[in-house]
Number of protein chains: 2
Amino acid sequence: MTPEEFRRYGKQVIDWIADYQEKVEAYPVLSQARPGDVLAGLPEHPPERGEGFEDLLADLDRVIMPGVTHWQHPSFFAYFPSNATGPAILGDLLSAGLGVQGMLWATSPACTELENRVVDWMAELLGLPARFRMAGPGGGVIQDSASSACLVAILAALHRAGGGTAAREGLSAQEGLSAREGLTRRPKLYVSSQTHSSLEKAARITGIGAENVRVVDVDPATMAMDPAHLDALLAEDAAAGATPVMVCSTVGTTSTSAVDPVAAIGEVCARHGVWLHVDGAYAGVAAVCPELRWINDGFEEHVDSYATNPHKWLLTNFDCTVMWVGDREPLIGALSILPEYLRNAATASGEVVDYRDWQIPLGRRFRALKLWSVIRWYGAEGLREHVRTGVRLAAELAGWISADPAFELFEQPRFGLVCFRPRWEGLPDEEADAATLALMERLNASGDLYLTHTRIHGRVLLRLAIGGPATTDAHVQAAWRRIGEETRAGAAGR
Amino acid sequence: MTPEEFRRYGKQVIDWIADYQEKVEAYPVLSQARPGDVLAGLPEHPPERGEGFEDLLADLDRVIMPGVTHWQHPSFFAYFPSNATGPAILGDLLSAGLGVQGMLWATSPACTELENRVVDWMAELLGLPARFRMAGPGGGVIQDSASSACLVAILAALHRAGGGTAAREGLSAQEGLSAREGLTRRPKLYVSSQTHSSLEKAARITGIGAENVRVVDVDPATMAMDPAHLDALLAEDAAAGATPVMVCSTVGTTSTSAVDPVAAIGEVCARHGVWLHVDGAYAGVAAVCPELRWINDGFEEHVDSYATNPHKWLLTNFDCTVMWVGDREPLIGALSILPEYLRNAATASGEVVDYRDWQIPLGRRFRALKLWSVIRWYGAEGLREHVRTGVRLAAELAGWISADPAFELFEQPRFGLVCFRPRWEGLPDEEADAATLALMERLNASGDLYLTHTRIHGRVLLRLAIGGPATTDAHVQAAWRRIGEETRAGAAGR
């Protein structure tokens, strides 16, 4: 494709996206496609000859769009928001256009140094401790996801726990070859029942094993991790000769956005010498607002690594997780390998950061561009305003739910996620839960809105997550009206 | 940013990229920035108020561009090519604009089903075995990198080797808790000295440990893995009670694009019951050309997993690795976890693919769009033509090198990578190597071209990788002229 063709088709694509943004509300939020529908519209064999880009755009409308669930629809309330805003899309486009691969500082200094700067900007915007800044012993890095951030944190924690032997010797035992004794016994991870599933996945990936994930009790009212039970488990495991590797506490759990008491957990971790990772994937960015900065309580003292996702609530399109460590040495110790073909003068000088050593893959895109673009376009002020809108809308919805005797609010929301359920008076729990799930299926099938569910103490809760940049009072009001209608229809239909 | 603003700024960005494509040759290929230069041009604090997008574009030119190494420059010959073509960039832009997150089929059916189709298209274009198709027991998936593909392959292999116990029990030993016996002893990976460093990194990540990576001998002339030595190591380890987990063979090594004898290696693996992964990151895509399809020899019989990177040579911007498995069961067995909040009717039906279970992170972008766009724009014909141009230019350069008594060609290139060195007649090896590295530094510092190096049998070789879509005869001729000039200057300067 020549630059002239790119100019022409590129502008068509920009118009296509702007049109999409304008008309996104006309689509059903959740795709109505059934398994195989999209596949059936796509030729079985690749084309022998090249085609014009117009053909692709036509097929995009005809075949692909009916199979798209519209995450950017203002009535998308499922999972967590995944904001794709104009400045983020354009920052990503610049990254694709430049096509640089930033595995090493030397392979594009700007890719590394802009990232150095924006992760420091994020640390400042969120009010994070000084040790997380690039000028300190630690620093920040953009990962693809909070899953990968957890995984990388575990590897750094293993490196520290094993005195550097884990990467070399592995976790298995062998006669005559002594991995540091503790690691040949079971290494343990500590989570709560509310911790994201990526921790169990990381336990599998790292060879720790799902059975070595210890589940700490939660407070049954708040679903927050119980530091006293954590303390007891750590003591028990240490007495049994196991090696505690890492505790993962969460600021804003996936199910109900519960906030673990990080300060108290940090104290326990410090006492037992265990790495503390804090997963703030969803809620962490809320700290841009001073009135929500209490979510960072305890960060100053004992947190070893922290991650939050601008690609959820903070207006930056997937993928963009920012992760910080208080000390970069164990991270690099765990992940750095230097084959001859990657050696270069800048790396040898020790003056530069090579981000390949901070992540799982070798290659990396220029993701800092989109975060830079978002922060500059909105400014700190605009970021705060966006978060506050979500919090305000969630509080309003929670108010309506509380005031309606047919519904039960799980708890007062502190962020943008509202958890609730119809009471279905007179129905036994199991039937009530089935009715709630059926209600959700009907709402989602209508295309008017999209929401998901979770289970707390075995009971189904609906999750309605607010935080899209296009979501207004009217969308939340409409959602609440539809939920009320379908609930009454469901109750009458029994 | 409103849709109207997006329309306006988006077209400016498209023009900026088209202009960049037109003038990319005016830039020095390798950035001349020194550590800290870019950082110094960026404000220390994030802006309080939002700024116009014009400001960002101005800073892009002023601050960022001097720190960019131009991977899309037609005289970029370093590492391997990382093609970012128009259709790929536009496919990526569409993905950013739609902003869907395809972790589950249900979260955007089109994201999964278009991917199902394009990985099948790729399998057809490359002539891969039927078991790698989505209709078979296996199937394909887009990963971010060949590093992650190797990692995922190891996890599937561990799952199979441990009878499904690895993910649950981990790799460490504990009294009274029996991981399948073999896995509590040392699990082993088999590579050659030429295997990519991501395998050692994956050994660290998975808890296998770098010391449990066995390095199989290579043929000293071709640098290809020796199947007889592999056989011997496997027998030795089995006798010692270790568990062989996976063999990684390579089609097109990073150092010199050596091709391991996959057919013979596959036979050995089958005999020992070991998983065979083939890493075709760079060269695998060459199989689009029938005359290069010999690189797939042995794939029909014994290969368990295979990966190649359209994001290197096949005109698709980073990241886009396609990975196939012959059997998807161990992969999903190793990686699938289903928390309540991800449960949905489509997943429960078993009729759909949920790609989150085929990869490390949970979230995923709609990367199939860019591969779809590239295949349709170029057609099979255009893809073949692109690969053939790279192969032809490499062969021509190799001819000039062979004909010049001042140079030594490492071997006749079969793909786009040419490895060679000046002879530096009369210099002892160590001084000759230093002179070669100094030559490379001078060439790269000139900004006229960018190439990298490797070491084979301890001696430095220059690597010149051809494969950019804008690279023509004239660029390769100019590179060869500059190399000759600098070499003569270096020889005269002693």
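Rules behind the numbers
- Residues numbered from 1 in each chain as written.
- Chains lettered and ligands numbered in written order.
- Predicted model: local features only at pLDDT ≥ 70, side-chain atom pairs only at ≥ 80, totals over all residues.
- Heavy atoms only, no water.
- Helix = DSSP H or I, 4+ residues; strand = E, 2+ residues; numbered from the N terminus.
- Rg over C-alpha atoms; globule rule 2.2 N^0.38 Å.
- Buried < 20%, exposed > 50% of the residue type's maximum accessible area, 1.4 Å probe, protein only.
- Contact = heavy atoms within 4.5 Å.
- Areas by Shrake-Rupley, 256 points an atom, 1.4 Å probe, with all protein chains shown as cover.
- Lys, Arg positive; Asp, Glu negative; His and termini not counted.
- Charge placed at Lys NZ, Arg CZ, Asp CG, Glu CD.
- UniProt positions renumbered as here; feature names shortened; annotations may be inferred.
- Expected span 1.5 Å × (residues − 1).
- Buried area = accessible area lost by both parts, 1.4 Å probe.
- Salt bridge = Lys/Arg side-chain N within 4 Å of Asp/Glu carboxyl O.
- Polar contact = N/O pair within 3.5 Å; in protein donor to acceptor, adjacent residues only side chain to side chain.
- Pairing = 2+ DSSP bridges.
- Axes fitted to C-alpha atoms, helices over the stretch in contact; angles between N-to-C directions.
- Least-squares fit on C-alpha atoms with pLDDT ≥ 70 in both.
- pLDDT = per-residue confidence, 0-100.
- Domains from an automatic or database assignment.

Looking now at the overall build of chain A. Helices and strands together make up the secondary structure of chain A, namely 17 helices and 11 strands. Here chain A has a C-alpha radius of gyration of 24 Å; the compact-globule value for 494 residues is 23 Å, and the two agree. By principal-axis analysis of the C-alpha atoms, chain A measures approximately 70 × 65 × 45 Å. Here chain A holds 494 residues, and 68% of them are scored as buried. Considering only residue pairs separated by 6 or more positions, chain A has 73% of its internal contacts joining residues 24 or more positions apart. As displayed, chain A offers around 15300 Å² of accessible surface, 51% of which is attributable to carbon and sulfur atoms. If you average the places of the 44 positive and of the 62 negative side-chain charges in chain A, the two averages end up 1 Å apart.

Turning our attention to the UniProt feature "modified residue: N6-(pyridoxal phosphate)lysine" (unreviewed entry) in chain A. All names here are of chain A. Listed under "modified residue: N6-(pyridoxal phosphate)lysine" (unreviewed entry) in the UniProt record, and renumbered for this structure, are Lys312. Looking at where Lys312 falls in the secondary structure, it is placed in the loop between strand E6 (305-308) and strand E7 (321-325). Excluding its chain neighbours within four sequence positions, the residues that come into contact with Lys312 are Phe80, Pro81, Ser82, Asn83, Ala281 and Tyr282.

Every α-helix winds through 3.6 residues per turn, so residues three or four apart in the chain are directed the same way. Residue and element names in this part refer to chain B. With 13 residues, helix H4 (residues 86-98) extends 18 Å from end C-alpha to end C-alpha; this agrees with the ideal 18 Å at 1.5 Å per step. Counted residue by residue, H4 has 13 buried out of 13 residues, so it is predominantly covered. Downstream of H4 by a residue or two, Gly99 has a phi angle that is positive, lying close to 60°.

Think of interface size as the accessible area that goes away when the parts come together; that is how it is often given. Tallying the contact residues gives 160 residues for chain A and 160 residues for chain B. Both sides of the chain A and chain B interface together cover about 14200 Å² of buried area, and 62% of this is carbon and sulfur. Across the contact surface, chain A and chain B share 22 salt bridges. At the junction of chain A with chain B, the criterion picks out 78 residue pairs in polar contact (both at pLDDT 80 or more). In terms of residue count, helix H1 (residues 3-23) of chain A provides more of the side of chain A that touches chain B than any other element does, 18 residues in total.

Strands pair in a sheet through their backbones, by hydrogen bonds, and they do so in one of two ways: parallel or antiparallel. All names here are of chain B. The sheet built from four strands is open, its strands ordered E8-E9-E11-E10 with antiparallel pairing. Strand pairing shows two members of the sheet lacking a second neighbour, strand E8 (407-409) and strand E10 (452-456), which therefore form its edges. Going across the sheet, the axis of each strand differs from the next one's by a mean of 40°, ignoring polarity. Judged from the four bridges that link them, strand E9 (residues 417-422) and strand E11 (residues 459-465) form a sheet pairing that is antiparallel. By the bridge assignment, Phe420 is partnered in E11 with Leu462. Together, E9, E10 and E11 form the strand contacts of helix H16 (residues 429-446), whose direction differs from that of E11 by roughly 25°. Contacts between helix H17 (residues 473-492) and the sheet are confined to E8, E9 and E11, with E8 contributing the most and set at about 135° to the helix.

Moving on, we come to H16 of chain B. Residues and elements named next belong to chain B. With 18 residues, H16 extends 26 Å from end C-alpha to end C-alpha; this agrees with the ideal 26 Å at 1.5 Å per step. Taken residue by residue, H16 has Ala432, Asp433, Ala435, Thr436, Leu439, Met440, Leu443 and Asn444 as its buried positions. Those residues of H16 that are buried lie in contact with E9, E10, E11 and H17. A positive backbone phi angle near 80° is found at Gly447, which sits one or two residues after H16.

Our next topic: the sheet that holds strand E11 (residues 459-465) of chain A. All names here are of chain A. Spatial ordering of the open sheet is given by E8-E9-E11-E10, a layout of four strands whose pairing is antiparallel. Whereas interior strands pair on both sides, the edge strands pair on one side only; in this sheet they are strand E8 (407-409) and strand E10 (452-456). Going from strand to strand, the sheet's axes swing by 40° on average, the running direction of each strand aside. As judged from the five bridges shared by E10 and E11, these two strands associate in the antiparallel manner. Bridge assignment links His453 to a residue of E11, and that residue is Leu462. Along the sheet, helix H16 (residues 429-446) makes contact with strand E9 (417-422), E10 and E11, crossing E11 at roughly 25°.

Let us now look at the pairing of E7 of chain A. Residue and element names in this part refer to chain A. Across the five residues that make up E7, a large majority, five, are buried. What you see with E7 is no split at all: Thr321, Met323 and Val325 on one side and Val322 and Trp324 on the other are buried throughout. Bridge analysis of strand E1 (residues 139-143) against E7 gives five bridges, and the strand direction is antiparallel. Across the sheet, residue Ile142 finds its bridge partner in E7, namely Val322. Relative to E7, E6 is paired through four bridges, and the arrangement is antiparallel. Considered in E7, the bridge of Tyr306 is made with Trp324.

Before going further, it helps to spend a moment on the relation of the copies chain A and chain B. Mapping chain A onto chain B is achieved by rotating through 180° and translating by 0.0 Å along the same axis, at an RMSD of 0.0 Å. Here the copies are linked by what is in effect a two-fold axis. An overlap of 100% is found between the interface residues of chain A and their copies at the interface of chain B, pointing to a shared contact surface.

Inspection of the entire model under this criterion finds 78 salt bridges over all chains. Ionic pairing is found between Asp15 of chain B and Lys11 of chain A, a salt bridge with its closest N-O pair at 2.9 Å. Of this pair, Asp15 of chain B sits in helix H1 (residues 3-23) while Lys11 of chain A sits in helix H1, each in a different chain. Using a relative accessible area of 23% as the deciding quantity, one classes Asp15 of chain B as partly exposed.

What follows deals with the confidence of the model for chain A. Looking at chain A as a whole, the pLDDT averages 95, with 97% of positions reaching at least 70. The low-confidence segment residues 174-180 of chain A, where pLDDT is below 50, has 14 contacts with residues more than four positions distant or belonging to other chains.

All names here are of chain A. Its domain assignment divides chain A into domain 1 (1-30 + 69-84 + 380-494) and domain 2 (100-365). Of note, the centres of domain 1 and domain 2, computed from C-alpha atoms alone, are 31 Å apart. The interface of domain 1 with domain 2 comprises 28 residues on the first partner and 32 residues on the second. Counting each side, the surface lost to burial between domain 1 and domain 2 is near 2500 Å², with a carbon and sulfur contribution of 68%. Residue Arg388 pairs with Glu291 through a salt bridge whose shortest N-O separation is 2.7 Å. Counting every contact that joins domain 1 to domain 2 gives 11 residue pairs in polar contact (both at pLDDT 80 or more).

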